[in-house]
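Structural characterization, general
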Amino acid sequence: MEKILVIGHKNPDTDSICSSLAMANLQTKLRGEEVISCRLGEINEETKYALNYFKVEAPKLIEKVDEGQEVILVDHNEFTQSVEGIEKTKILAVVDHHRINNFQTSEPLFYYAQPVGCTATVLFELYKSNNVEIEQQIAGLMLSAIISDTLLLKSPTTTDKDKKAVEELAKIANVDISKYGLEMLKAGTNLDKYTEEELINLDAKTMEKENIKYVIAQVNTVSIPDVLKRKEKIEHEINKVIEAKGLSLFVFVITDIVNSNSTAIVLGERTDAISKTYEIRDNLAEMPGVVSRKKQVLPLVEKNI
Ligand code: MG
Ligand code: MG
Ligand code: MG
């Protein structure tokens, strides 16, 4: 019998990596057999910082899964964001904090989701309700995930549950939240090493609504003008992806994590989904106060597309 795999979403962020590791840790303890943490892509600079800091190995890289494989999904449920072959797996559980979309199973499953800032916050409660102690390294990973997803508790997605979890996890992990958090977030703004092709894929999510396919990608920076120096090359890469994948819209959100603002490069046939709300000039939309794809950009596109 193949071991159970815990899988986060494609183009993994810190939550997808760290929650996968934490969920595999919890499940291994609860089931008394090894459950394997997996990832669907390269580790980004921010996540690398967290893994190095807490001395944890990255999850196993996989590209697809076989028919009948038992899997647990964390930090996503939409099949468009999941592993190749997901339709033919047996999904045992989902732990998540996103809307439910493009998701169905043929058998009953454990589904635990909450409208909180991070999957690790949901996992924190799962550890508690199962009376499982959280080890220092795992606490550090969960803390990193919450800091990442909530931009150090500043994103509008942040809830009291996230704050409480962060407080408790920081004690177990034995770190200073703001000092560690800033260092980790800053590590993630190191975008120079990425090519434009990598940049637009770093944190890209493909969405589908009634056969309209679109992508919302996001990068964090401390200087939007710095990223926009590469605007033409980025646009060139985005247009290639639009063509290759038949997308109706590509929104590339550049988020200033210091000032909590975003500017987006918007391309495709359906730029109206953005321009109904934000003026687009030279393919650019300024979005003051916007930092969350999930709560601010995605609902807007879904309403207008
Ligand atoms: Mg995520
Ligand atoms: Mg998340
Ligand atoms: Mg994110």
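No experiment lies behind these values; they were computed from the predicted model shown. (Residues numbered from 1 in each chain as written. Chains lettered and ligands numbered in written order. Predicted model: local features only at pLDDT ≥ 70, side-chain atom pairs only at ≥ 80, totals over all residues. Heavy atoms only, no water.)

Let's talk about the packing of aromatic side chains
The description of two aromatic rings rests on the distance between their centres and on the angle between their planes. Formally: Each Phe, Tyr or Trp ring, with Trp reduced to its six-membered ring, pairs with another whose centre is within 6.5 Å; inter-plane angles below 30 degrees give stacked pairs, above 60 give edge-to-face pairs, and intermediate values give tilted ones. Elements are defined by DSSP. Helices are runs of H or I of four residues or more, strands are runs of E of two residues or more, and each kind is numbered from the N terminus. Throughout, exposure labels follow a simple rule: accessible area from a 1.4 Å probe, protein chains only, divided by the maximum for the residue type, with under 20% read as buried, over 50% as exposed, and the rest as partly exposed. Ring-over charges, as used throughout, are those where CZ of Arg or NZ of Lys falls within 6 Å of the ring centre and within 35 degrees of the ring normal.
Tallied over the entire structure, the rule returns eight aromatic pairs. Ring centres of Tyr-49 and Tyr-180 lie 5.9 Å apart, and the angle between their planes is 40°; on these two criteria the pair is classed as tilted. You can see Tyr-49 sitting in helix 2 (residues 45-53) and its partner Tyr-180 sitting in helix 6 (residues 177-188), a full 131 residues away along the chain. Taking relative accessible area as the criterion, Tyr-49 reaches 24% and is therefore assigned partly exposed. Given the relative accessible area of 4%, Tyr-180 is considered buried. Each residue in the set Tyr-49, Tyr-53, Phe-54 and Tyr-180 is aromatic and connected to the rest through ring pairs, giving one cluster. The ring of Tyr-194 is capped by Lys-193, whose NZ or CZ atom sits 5.5 Å from the centre of that ring.

A word on the domain arrangement of the chain
Using the following cut-off: The domain limits used here are those given by an automatic or database domain assignment. Throughout, a contact is declared for two residues whenever any of their heavy atoms are within 4.5 Å. Accessible-area loss on putting two parts together, using a 1.4 Å probe and summing over both, is the definition of buried area adopted here. The term salt bridge refers to a pairing of a side-chain nitrogen on Lys or Arg with a carboxyl oxygen on Asp or Glu at a separation within 4 Å. What qualifies as a polar contact is a pair of N or O atoms within 3.5 Å, subject to a donor-acceptor requirement within protein and to the restriction that residues adjacent in sequence count only when both atoms come from side chains. When residues are grouped by polarity, Ala, Val, Leu, Ile, Met, Phe, Trp, Tyr, Cys and Pro land in nonpolar, Asp, Glu, Lys and Arg in charged, and all others, Gly among them, in polar.
Structurally, the chain comprises domain 1 (5-187) and domain 2 (196-304). For domain 1 versus domain 2, the separation of C-alpha centres amounts to 24 Å. Opposite the 19 residues of domain 1 that make contact, domain 2 presents 19 residues. The contact between domain 1 and domain 2 buries some 1600 Å² in all, and 52% of this surface belongs to carbon and sulfur atoms. Per-residue buried area on domain 1 facing domain 2 is highest for Asn-11, Arg-99 and Leu-151; these three make up 30% of the total on that side. Summed over the shared surface of domain 1 and domain 2, the number is one salt bridge. The partner of Arg-99 in a salt bridge is Glu-302, with the nearest N and O atoms 3.2 Å apart. The interface formed by domain 1 and domain 2 contains eight residue pairs in polar contact (both at pLDDT 80 or more). Along the lines of polarity and charge, the residues of the side of domain 1 that touches domain 2 split into three nonpolar, twelve polar and four charged.

Details of the sheet that holds strand 6 (residues 110-113)
Selection criterion: Whether two strands pair comes down to DSSP finding at least two bridges between them. A fitted line through C-alpha atoms serves as each axis, taken over the contacting stretch for helices, and the angle formed by two N-to-C directions is quoted from 0 to 180°.
The sheet built from six strands is open, its strands ordered 3-2-1-4-5-6 with parallel pairing. Looking at which strands have only one partner, the edges of the open sheet turn out to be strand 3 (60-61) and strand 6. The strands touched by helix 1 (residues 14-31) are strand 1 (5-7), strand 2 (36-39), strand 4 (70-74) and strand 5 (90-96); relative to strand 4, the strand with the most contacts, the crossing angle is about 130°.

A closer look at the coordination of the magnesium ion (ligand 1)
Six octahedral donors around a metal ideally sit at 90 or 180 degrees from one another, while four tetrahedral donors ideally sit at 109.5 degrees. Using the following cut-off: Water is not among the atoms examined, so metal sites may look incomplete; donors are the N, O and S atoms within 2.8 Å of the metal, or within 3.2 Å for Na, K and Ca.
Around the magnesium ion (ligand 1), the donor atoms from the protein are His-9 (NE2), Asp-13 (OD) and Asp-75 (OD), and they sit 2.1 to 2.3 Å away. In terms of primary sequence, the donors binding the magnesium ion (ligand 1) are separated according to H-x3-D-x61-D. In this structure the magnesium ion (ligand 2) is found 3.4 Å away from the magnesium ion (ligand 1), and Asp-75 serves as a bridging donor for the pair. Of this pair, His-9 sits in the loop between strand 1 and helix 1 while Asp-75 is found in the loop between strand 4 and strand 5, placing the two residues 66 residues apart along the sequence. With respect to class, His-9 is no different from Asp-75; both count as buried.

What about the environment of Ala-264?
As for its placement among the helices and strands, Ala-264 is situated in strand 10 (residues 261-267). As for Ala-264 and Ser-19, which are separated by 245 residues in sequence, their C-alpha atoms are 28 Å apart. Residue contacts for Ala-264: discarding those within four places in its chain leaves Val-251, Phe-252, Val-253, Asn-283, Leu-284, Ala-285 and Met-287.

With respect to unusual backbone geometry
Its identity as a non-glycine residue notwithstanding, Asn-131 has a phi of 55°, on the positive side. Structurally, Asn-131 can be placed in the loop between helix 3 (119-129) and helix 4 (136-150). Backbone geometry places Leu-153, a non-glycine residue, at a positive phi of 65°. Relative to the helices and strands, Leu-153 is located in the loop between helix 4 and helix 5 (160-173). By relative accessible area, Leu-153 is classed as partly exposed at 26%.

Regarding the sheet that holds strand 9 (residues 249-256)
If you trace the six strands from one edge of the open sheet to the other, you get 7-8-9-10-12-11, paired in mixed fashion. If you trace the sheet from one side to the other, it starts and ends with strand 7 (204-209) and strand 11 (280-281), each paired once. In the sheet, strand 11 pairs with strand 12 (residues 284-287) via two bridges, with the strands oriented antiparallel. In the sheet register, Ile-280 faces strand 12, and the bridge partner there is Ala-285. Relative to the sheet, helix 9 (residues 231-245) contacts strand 8 (212-221), strand 9, strand 10 and strand 12, its axis offset from that of strand 10 by approximately 50°.

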